[in-house]
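Examination of the molecular architecture
Residues per chain, in single letters:
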Amino acid sequence: MKSYWGIFKMEFKGELQYRAKALSGIATQLFWGLLQICLYTAFLNSGSVDGFSISQMVSYIWLGQAFFALRYVTMPKRVGKEIVNGNVCYKFVRPINIYNQWYVEGIGQKFAATLLRFSPIIVIGFLLPGNLSLSLPVSVGAFFLFLFGLILGLLMSHAFAMLAVYLTFKTLSEKGSIGIVSAIVNMFGGLFIPLPLLPQALQDVLKYLPFSFITDLPLRIYIGNVGVVDGLVLMAIGVVWLIAIIAIGKLLIGGALKKTVVQGG
């Protein structure tokens, strides 16, 4: 555990150096948040869709943009290039599990990127006037469950990212692998379209799939669209999904590492 904690701190501190990148990310998230709010306000001009009100939608959007770096599925830096150019062979001589190392590296990077970005967006969201403003959580219990959901979403998003690492071993295409995985996860997880705006039959299926635990569920608990009791049940399902996806990822990457052939000298 000490080795993994050291890796986490190293990646965390390294990511904190990218302040200019964080500033551009904040500007992008603010612009994209306002754009989405305007779009979905026009869509919700009747007041609400299946109990999802304009006020809830606005908070859903702002929270999603504030924690964008936490939930967007990306591979750890350098991993894709290491696989493609063969430098992954140097990982074999280290006395730690390669999957765990890459997983912790990615968590450290995403956590640092989120710390640099989320607070300005939250503050601006609260200060905006009228229907553009971020609301407070519906209850203290909902807020703490929302925080737990953010942690679960972070772990889940990177578990999916590790599946993209496996695909990179098979295809030697970093961009293609992460593009496929992120498109599926982000589409069905609420990153592009809030899940409450989808047909109810589709919502009933997606809420039990692992994608919703990354983005949708924590945000809906915060705004009160999902109750605390129901949220606890769904979070328990999410923990089971997380364990299963990590186990699958370890098996796949472990098998890929055994078959890895590095050419050159």
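Whatever comes next refers back to the structure up there.
Report follows, based on the coordinates. (Residues numbered from 1 in each chain as written. Predicted model: local features only at pLDDT ≥ 70, side-chain atom pairs only at ≥ 80, totals over all residues. Heavy atoms only, no water.)

Some details on the overall build of the protein
Where we set the bar: Segments assigned H or I by DSSP are reported as helices when at least four residues long, segments assigned E as strands when at least two residues long, and all are numbered from the N terminus. In this scheme, a residue with accessible area under 20% of its type's maximum is buried, one over 50% is exposed, and one in between is partly exposed, where area comes from a 1.4 Å probe on protein chains only. In these tables, accessible area is a Shrake-Rupley quantity obtained with a 1.4 Å probe, and a residue counts as shielded only by the protein chains included in the view.
Looking only at helices and strands, the protein features 11 helices and two strands. Counting from the amino terminus, helix and strand elements in the protein follow one another as α-α-β-β-α-α-α-α-α-α-α-α-α. Within the protein, buried positions represent 48% of all 265 residues. Approximately 13000 Å² of the protein is accessible, and the part contributed by carbon and sulfur atoms is 70%.

Quick notes on the packing of helix H6 (residues 98-127) against helix H11 (residues 228-258)
Applicable threshold: Think of each axis as a best-fit line through the C-alpha atoms, taken over the contacting stretch in the case of a helix, with angles from 0 to 180 degrees between the N-to-C directions. Roughly parallel covers angles under 35 degrees, roughly antiparallel covers those over 145, roughly perpendicular covers 65 to 115, and oblique covers all other angles. Left-handed is the label given to a crossing in which the near helix is rotated counterclockwise from the far helix by less than a right angle, and right-handed is the label when the rotation is clockwise. Contact definition: two residues touch when any of their heavy atoms are within 4.5 Å. Ten residues, namely Ala, Val, Leu, Ile, Met, Phe, Trp, Tyr, Cys and Pro, are considered nonpolar, four, namely Asp, Glu, Lys and Arg, are considered charged, and the remaining ones, Gly among them, are considered polar.
Where H6 meets H11, the axes come as close as 9 Å, and the angle between the chain directions of the two elements is 125°. By the criterion of interaxial angle, the relationship of H6 to H11 is oblique. As for the relative orientation of H6 and H11, their crossing is right-handed in sense. Taken together, the residues of H11 that come into contact with H6 (itself represented by Ile 98, Tyr 99, Asn 100, Trp 102 and Tyr 103) are Leu 242, Ile 246, Gly 249, Lys 250, Ile 253 and Leu 257. Its residues assigned to classes, the contact of H6 with H11 shows eight nonpolar, two polar and one charged.

Focus: H11
What counts is decided by this rule: The length a helix should cover is 1.5 Å for every residue beyond the first.
Spanning 31 residues, H11 covers 45 Å between terminal C-alpha atoms, matching the ideal 45 Å at 1.5 Å per step. Summarising the contacts, the buried residues of H11 are in contact with H6, helix H7 (140-171) and helix H10 (216-223).

Section: the nonpolar core
Rules: Here, the term nonpolar core denotes a set of buried Ala, Val, Leu, Ile, Met, Phe, Trp, Tyr and Cys residues that are joined through side-chain atoms within 4.5 Å.
Core analysis: the biggest nonpolar cluster contains 64 residues, and Trp 102, Phe 160, Val 165, Phe 169 and Ile 253 have the highest contact counts within it. At the level of elements, helix H2 (19-43), helix H3 (54-66), helix H5 (79-85), H6, H7, helix H8 (174-189), H10 and H11 are the ones that each hand at least two residues to this core. With 15 residues, H7 is the single largest residue contributor to this core.

Observations regarding a nonpolar patch on the surface
Put simply, the rule reads: Note on patches: the residues involved have over 30% relative accessible area and no salt bridge, like charges join within 9 Å, and the nonpolar side chains Val, Leu, Ile, Met, Phe, Trp and Tyr join within 5 Å. By definition, a salt bridge exists where a carboxyl oxygen of Asp or Glu is found within 4 Å of a side-chain nitrogen of Lys or Arg.
On the surface, Ile 180, Ile 184, Met 187, Phe 188, Phe 192 and Ile 193 cluster together into a nonpolar patch covering about 490 Å² of accessible area. Within the fold, Phe 188 resides in helix H8. Judged by its relative accessible area of 34%, Phe 188 is partly exposed.

A look at the pattern of salt bridges
Side-chain pairs of opposite charge can arise where the charged atoms are in close proximity. This structure, assessed with the given rule, holds one salt bridge. The salt bridge involving Asp 216 is made with Arg 220; its shortest N-O contact spans 3.1 Å. Here Asp 216 pairs with Arg 220, and both are found in helix H10, just four residues apart, close to one helical turn. There is no split in this pair, since Asp 216 and Arg 220 are both buried.

A look at the environment of Phe 211
Take Phe 211: it is sitting in the loop between helix H9 (200-206) and H10. What makes Phe 211 buried here is its relative accessible area of 14%. When the C-alpha atoms of Phe 211 and Val 185 are compared, they prove to be 5.5 Å apart, with 26 residues separating the residues in sequence. Not counting the four nearest positions on each side in its chain, Phe 211 is found in contact with Phe 160, Ile 184, Val 185, Phe 188 and Gly 189.

Considerations on the packing of aromatic side chains
This is how it is decided: For Phe, Tyr and Trp, rings pair up if their centres lie within 6.5 Å, where Trp contributes its six-membered ring, and each pair is then called stacked (planes under 30 degrees apart), edge-to-face (over 60) or tilted (otherwise).
Across all of its chains, the model carries 10 aromatic pairs by this definition. The interplanar angle of 40° and the centroid separation of 6.2 Å between the aromatic rings of Trp 102 and Phe 169 together place this pair among those described as tilted. A residue pair is termed long-range when its members are at least 10 positions apart, and Trp 102 in helix H6 and Phe 169 in helix H7 qualify at 67 residues. Judged by its relative accessible area of 0%, Trp 102 is buried. Overall, the relative accessible area of 14% leaves Phe 169 in the buried class. Plain terms: the ring middles of Phe 143 and Phe 146 are 6.4 Å apart, the flat faces sit at 35° to each other, and that makes the pair tilted.

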